[in-house]
Structures are given as structure tokens and as C-alpha cells.
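So you can see what is in the structure, the chains are spelled out below.
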Number of protein chains: 2
Amino acid sequence: MRLLDEQALRDIATGSAVLGTGGGGDPYLGTLVSLQALARYGPMQLITADELDDEAMVVYPFVIGSPVPLIEKFPLGKEMVQAYETINRFLHGRVQAVMPVEIGGINSMVPFFIAARVGIPVVDGDCMGRAYPEVQLVTLTMHGIGASPFAIADERGNSVVLYTIDNFWAERFARSISVDMGAICAGAAYPVTGKQVREAAVLGSISYTERIGRAIREANAAKQDAIGAILEETNGVLIFRGKIVDVQRRTSKGWALGECVLEGMDADAGARLVVRFQNENLVAIRDGEIIASVPDLITIIDAESGQAITTEHLRYGFRVVVLGIPCDPKWRTPAGIQLGGPRHFRYDIDYVPLEQRFATAGRTDGRQVSGV
Amino acid sequence: MRLLDEQALRDIATGSAVLGTGGGGDPYLGTLVSLQALARYGPMQLITADELDDEAMVVYPFVIGSPVPLIEKFPLGKEMVQAYETINRFLHGRVQAVMPVEIGGINSMVPFFIAARVGIPVVDGDCMGRAYPEVQLVTLTMHGIGASPFAIADERGNSVVLYTIDNFWAERFARSISVDMGAICAGAAYPVTGKQVREAAVLGSISYTERIGRAIREANAAKQDAIGAILEETNGVLIFRGKIVDVQRRTSKGWALGECVLEGMDADAGARLVVRFQNENLVAIRDGEIIASVPDLITIIDAESGQAITTEHLRYGFRVVVLGIPCDPKWRTPAGIQLGGPRHFRYDIDYVPLEQRFATAGRTDGRQVSGV
């Protein structure tokens, strides 16, 4: 068990935005949520999955919906607590720890808010190792673990509990309810035991985000290359340098859908990269050819600050680099590719792991590339 | 307490379609549901509200959604039982009786299916005295009674429980979930005590439908005027005779929305009547002027058989009569008119009670008109 201070929380939020692949919420808002909780309730406890008893019950609290309204309609915490309390009531008060469902600027931080407020620990890990736009896209689904009871709450005091036959139905109902609730609301779902966490979750991902966040912070402080520091920490590849020349974004069924068009600079001058997103970046298309896709992570980084830019903050004129980061190995199994690979998002291509494509194409920008 | 036999159930279904004002489901399907239950589980018990203890817990099981898919996707009973069992579980197994939420060809009958299957009585009454297309449009809402917990289930095994701050939010969430479930699903909601039933529900409406159904059956058997028999039983008025010349119908947000255009015959020759509906008939417009509106009942009856025609069965060429039937007095209070009157459905007119309009216009077809 470790107690987290302000610096740790800031680094976790910064690193989470990198692994959030454009989604998972704004790290600035995530930082606010967790620092507010820190000030009010004191340091948060982070534990490893090994510290959980086999039978300990863990749940995943999160924000669900489009990140766009989140900017104007910031969750006050009331709905997060209500979603957590609803699921805990339906589990007869047996919840002992929380864990992020995904890694992202906000959804990495929500469990810290709940943990501090309720006085329970956060487990170091999540169940995506990245952010994904649909609630069934978790490693737990690959392991046959159901999302129910799935609690949803809004800031008005409404709550909804789903009991579904599979996690695809949970996604369908939760999405509709999130739209009714104003395109964003709080959720808590996927009750699992300590044993299931160790078998089916992505472990250590909070520490991983902290290392990334720290690397960015230290590089900036030393006026060194923050992008290089991220690549080193993540075994990522730099897949494009350029300027944003167009952003198309619409909110549909509660998602932010769209694409960002980049005009190449430096080594990529003359080329064009299109990054398509559904809350999260899904594919990167260079001059008509898909060069990176889910389940690998595609992240757009501000070229100056080394900070990840979420899809709702993409703007014309930004100078950025696009990074590819290898996904967790669970996503590279046949079950993982079927669940969260390109075909799920209607891209009719075979998934090619990032390292394979970039090793072949020799586009790794001179950096060493390896698996996670 | 009275035991209902096949004849009673058939009469109730027939009469319910008349008060269903075009919605509430097909009486043929409703009859099937209840006769199947009768054959399998034996006679149903009908009790009056006076037979309930003050503290007895009563719930309302129903089908929610558009009646259109109901024709092809007939509920098998599994989802109805699941919705009932879900609400009963959330009420700690305390449910002692059921009651129709509305009067309609199917929704009058659903409680009989549940009652027979579970072995509890049906209370003679409902909470609309008609059918309405939204779940907050119940007399219970006027009395400040909430719909939660509100259970919803589909035939696949999914269930959802709503806890909402008011009944308008219950409608919103339930509607979305019904669309996700295939535009039709089963619900059970509005837990009330025996005392609340006596104060806030519409009492005796099952017996009322039985009297109407019996009157139609006996008139037909005696080759007498079935329409006249309905008018006598309901204190209704004949507002139009004509032929259906156009039907527009679309399914939107899980409702059957549209209008039916009639060309006048006999005394109404040369005139045109438009009946607009949202599952249920909302307004009747004669040559551009609204001559009847919610909360009063507008029912289209087959001129030959005297059977009510639900909105999904309206077809070009049918010869019909349009009846107006006075609503329950609760709907004529200021709170009732605000809740279920024309302005709720975006018709910017003051509600004029049927008898007032037709007494003035002298269009009662010679029949005596009075309140319910």
C-alpha cells in the first residue's frame, strides 16, 4: 500500500491522458477532481492486486458519455457517489476497493475520488490499459465476467440499475441512459473478486501512467525532449509530425465522433495523416493507408509541451506529433482482437501490431521498438 | 372477490379496447394472453379496492412501447414475469395484488396473466381510466405517488430498474430502454398501498370495461345496434360517421405517431375528420376545428361489428364511427388537465369537456349526455 500525494495524482492524470488515446476525459478536469478529494479527505491509498484477498469485492466507478459536454457540465461528485452507493447497496455493502475501468484523464481519477471519500483503496490497474468508447470493451469481457449490476446516476438524483445477459446489452442500455441524462453521467459496474482482478484485469497501469507523467514533467523541467521521454517509457513509436488542418466532430448517440486531419512537417512534409475517433482515436490513415489501429494506442501530443490532446481539444493550427503505443498483450489475443480490434469499429482490415508495421516500414524515428 | 371465467375475460378485453382510445394494445392479443393464463393456472380473482388492507402492497404490470411491433413480436410471458419478479424482489417480496396501469386491449389483461401465474388477485381499477402513451400520465402522479422502483424486462433476460426523482424521468428512461429492447417490453412499477389505491387510482374500471364488452356482445347476438349500446354504457357521444381515406403512421422514439383521415357519411357527408394519435387518439379535428381532445376518450369503432379499432389496425376503406367518451373526473381537475390535457401534447387549446361542446353544438345524435 502506498499513499498518493498531489504530485503523484498530477503525474497520473498527465500520463493517463497519453494512454487515453484522445478519450477518457480531460486530464485538467481529472486533476481537479482528485486534488479536491485529496484536500477534503486526505491521501489516497493505492494497493497492488496482490494485496487483495481472493474473495475481496472490487468495483469500477467511471464517467460515461461524450467528453464534449463534460467541459461545460462538470461532474460535481454527487452522481459519482450515488452510482457507487447504488452498486454497493445492490452488492449488500460488500465493496472493499475500487479500480479504474479505463485509463484516461478523468476515468483514471474517478476511483481516487470515490476511494478518498469512502475510505477504501484503489487497486493499481484497470481493465483496458487504455481508453475505449464502449463499456463492453474491457479485458473482463474476454474472461466471461459480466458488468451487472451496472449502476448509473445523474446529478439530479436519478439512478438506474442494469442486469444484462451480456456486456453488449449493458453498453446499449447505458449509452441510451447517458444520452437521456444529458450525454454524460456516472456509472459503477463490473463487480469482481480479488482473484478475478488478478486473472482478468490489466495490472499496474496506474503506476505506468505515473511513470509517463513523471517523465513528461521531468523532461519539461530540464528543458529536454518530452516526446522522447514518452516513447522511452511506453516503447512507443512516433508515427507522424504535423499541423492540424481540419477537425470534424459531431456528437451522435452520446459519442464524440469525427476525424482530425494533419499536414506533415519535417520528415513527414508532403504527407497527410487522418486520425478517426469515437471518443478515442481508432485509426491513423497516412495518405489513404491505415498505418495504426485499435487495439494499439494512437495518441496526439502537443509538440511543445508533450501533453496529450484529447479529441474535444483538437483545434486547427496545433503543431502535434502522433504516437503509437503498443496495447496490453490481452488485446493481441484472438479474443482481444475480435472484441476491440479494427473490425469491431467497422474497419475491414486485419490488425497488424504497431511494432511489426513500423519495424517493417522503418518508421520508428530511430528509436528502439519492443512489446510492452 | 369474484372469479373470472372466459366470458368475463373476453368481455373485459373487448370493452378495454373501447376505452383504450386506439392504444393499449390489440384486444385479440390481450384475450390470448389472458385465456392462455386461464387455461394454465385456472380462474383469476378480481377484488375491489375496498377489499385491500390499508398497508397491502399493489403494483402495476404492463407492456410498454409501440403497439406496432407487438403484432409481430408477441410477448411470451417470460418478460412479464421477469418484470414482476424484479419489482417484487426490490420490494422484498411484499406485493399482494396487481392492477392494470391503463385500460387497453393488452394492458388491461397483463395483470390477469401475472395474477393467475403468481396466485394473487387483480384489483378492479387502473390509474388512467383510459390508455395514455406516457408512463407519467397516471392519476397517481397527480397524487404525488412515484413510479420507482420501476422494473423493465425483455424476452432475452435483460432487466433494468429505475429510481427516478419524478415520473417524467421514469417515462424518459423507460422509453429509451423500450426502444433498445426492440420497441416493446414488459414493465412493472408504481408500488402503492391499498390506502393509496383507494385515494389515487381510478376504481371499478375493469367492471366498467366488462359492462361495455358485454353490451357489445349482447347487441351483436341480438342483431341490435352495438354502437348505441356502447354510447349508453359510457354516456358517450357519436362525433362522426365516415370512411377512412388516409392513414399516416410512423414509429418514432418507440411510439406509433400519425393520423387517420375520415370522409364523412350519412349526417356527416361532405365533412372531413382527422384523428391524430400517439399510440392513443389525442384529438379529433373536424374541418380544421378541434372538436374533441384528451383527456376525453376518442375511439374509432368498426361500424359493422361495434369493435374498437386500435391505431395499428386502421386501414383505408374501413367504415367507422368515432365516439367521444367522457374521461374520469380526476382528469378534469386543473392538475389532471395540466398533466394529460391537450397542451401536454402540444395542442395549444383549452380543454373543453366533451358534453359541453356537444350539448352546445347539438351533435349528440339524439342521445342523452352526462358525466361519468
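Conventions used here
- Residues numbered from 1 in each chain as written.
- Chains lettered and ligands numbered in written order.
- Predicted model: local features only at pLDDT ≥ 70, side-chain atom pairs only at ≥ 80, totals over all residues.
- Heavy atoms only, no water.
- Core = buried A, V, L, I, M, F, W, Y, C linked by side-chain atoms within 4.5 Å.
- Buried < 20%, exposed > 50% of the residue type's maximum accessible area, 1.4 Å probe, protein only.
- Contact = heavy atoms within 4.5 Å.
- Least-squares fit on C-alpha atoms with pLDDT ≥ 70 in both.
- Buried area = accessible area lost by both parts, 1.4 Å probe.
- Salt bridge = Lys/Arg side-chain N within 4 Å of Asp/Glu carboxyl O.
- Polar contact = N/O pair within 3.5 Å; in protein donor to acceptor, adjacent residues only side chain to side chain.
- Helix = DSSP H or I, 4+ residues; strand = E, 2+ residues; numbered from the N terminus.
- Nonpolar A, V, L, I, M, F, W, Y, C, P; charged D, E, K, R; others polar.
- Pairing = 2+ DSSP bridges.
- Domains from an automatic or database assignment.

Below, the discussion takes up the nonpolar core. With 224 residues, the main nonpolar core has Tyr60(A), Phe150(A), Val197(A), Tyr60(B), Phe150(B) and Val197(B) as its most contacted residues. If sequence neighbours within four positions are ignored, Phe150(B) has contacts with Phe62(B), Val135(B), Val160(B), Val161(B), Leu162(B), Ala170(B), Ala174(B), Ala188(B) and Ala189(B).

Here we come to the relation of the copies chain A and chain B. Rotating chain A by 180 degrees and moving it 0.0 Å along the rotation axis overlays it on chain B with an RMSD of 0.0 Å. Taken together, the rotation angle and the small translation identify this as a two-fold axis. Every residue of chain A has its C-alpha some distance from the rotation axis, and the shortest such distance is that of Val161(A), at 2.5 Å. Of the residues that chain A buries at the interface, 100% are likewise interface residues in chain B, meaning the two copies contact each other through the same surface.

In this complex, chain A contributes 20 residues to the contact, which on the side of chain B involves 20 residues. With both chains or domains summed, chain A and chain B bury close to 1800 Å², and 57% of this area falls on carbon and sulfur atoms. A per-residue breakdown of the area chain A buries against chain B is headed by Tyr163(A), Phe173(A) and Asp180(A), which together make up 31% of the total. Inspection of the region where chain A meets chain B yields two salt bridges. In this structure, Arg172(A) and Asp180(B) form a salt bridge, with 4.0 Å as the shortest nitrogen-oxygen distance. Applying the counting criterion to the chain A and chain B interface returns nine residue pairs in polar contact (both at pLDDT 80 or more). Breaking the side of chain A that touches chain B down by element, the ones donating at least two residues are helix H4 (78-90), strand S8 (159-163) and helix H7 (167-180) of chain A. No other element matches the six residues that H7(A) contributes to the side of chain A that touches chain B. Broken down by class, the residue content of the side of chain A that touches chain B amounts to 10 nonpolar, five polar and five charged. In this structure, S8(A) lies alongside strand S8 (residues 159-163) of chain B, joined through five bridges in antiparallel fashion.

What follows concerns the domain arrangement of chain A. Residues and elements named next belong to chain A. Here chain A is partitioned into domain 1 (2-203) and domain 2 (232-361). A C-alpha centroid distance of 24 Å is found between domain 1 and domain 2. Of the residues lining the interface, 41 residues belong to domain 1; the matching set on domain 2 comes to 35 residues. Surface buried jointly by domain 1 and domain 2 totals about 2900 Å² across both partners, of which 64% is contributed by carbon and sulfur atoms. Inspection of the region where domain 1 meets domain 2 yields zero salt bridges. At the level of secondary structure, the elements contributing two or more residues to the side of domain 1 that touches domain 2 comprise helix H1 (6-19), helix H3 (67-72), helix H6 (139-142), H7 and helix H8 (194-200).

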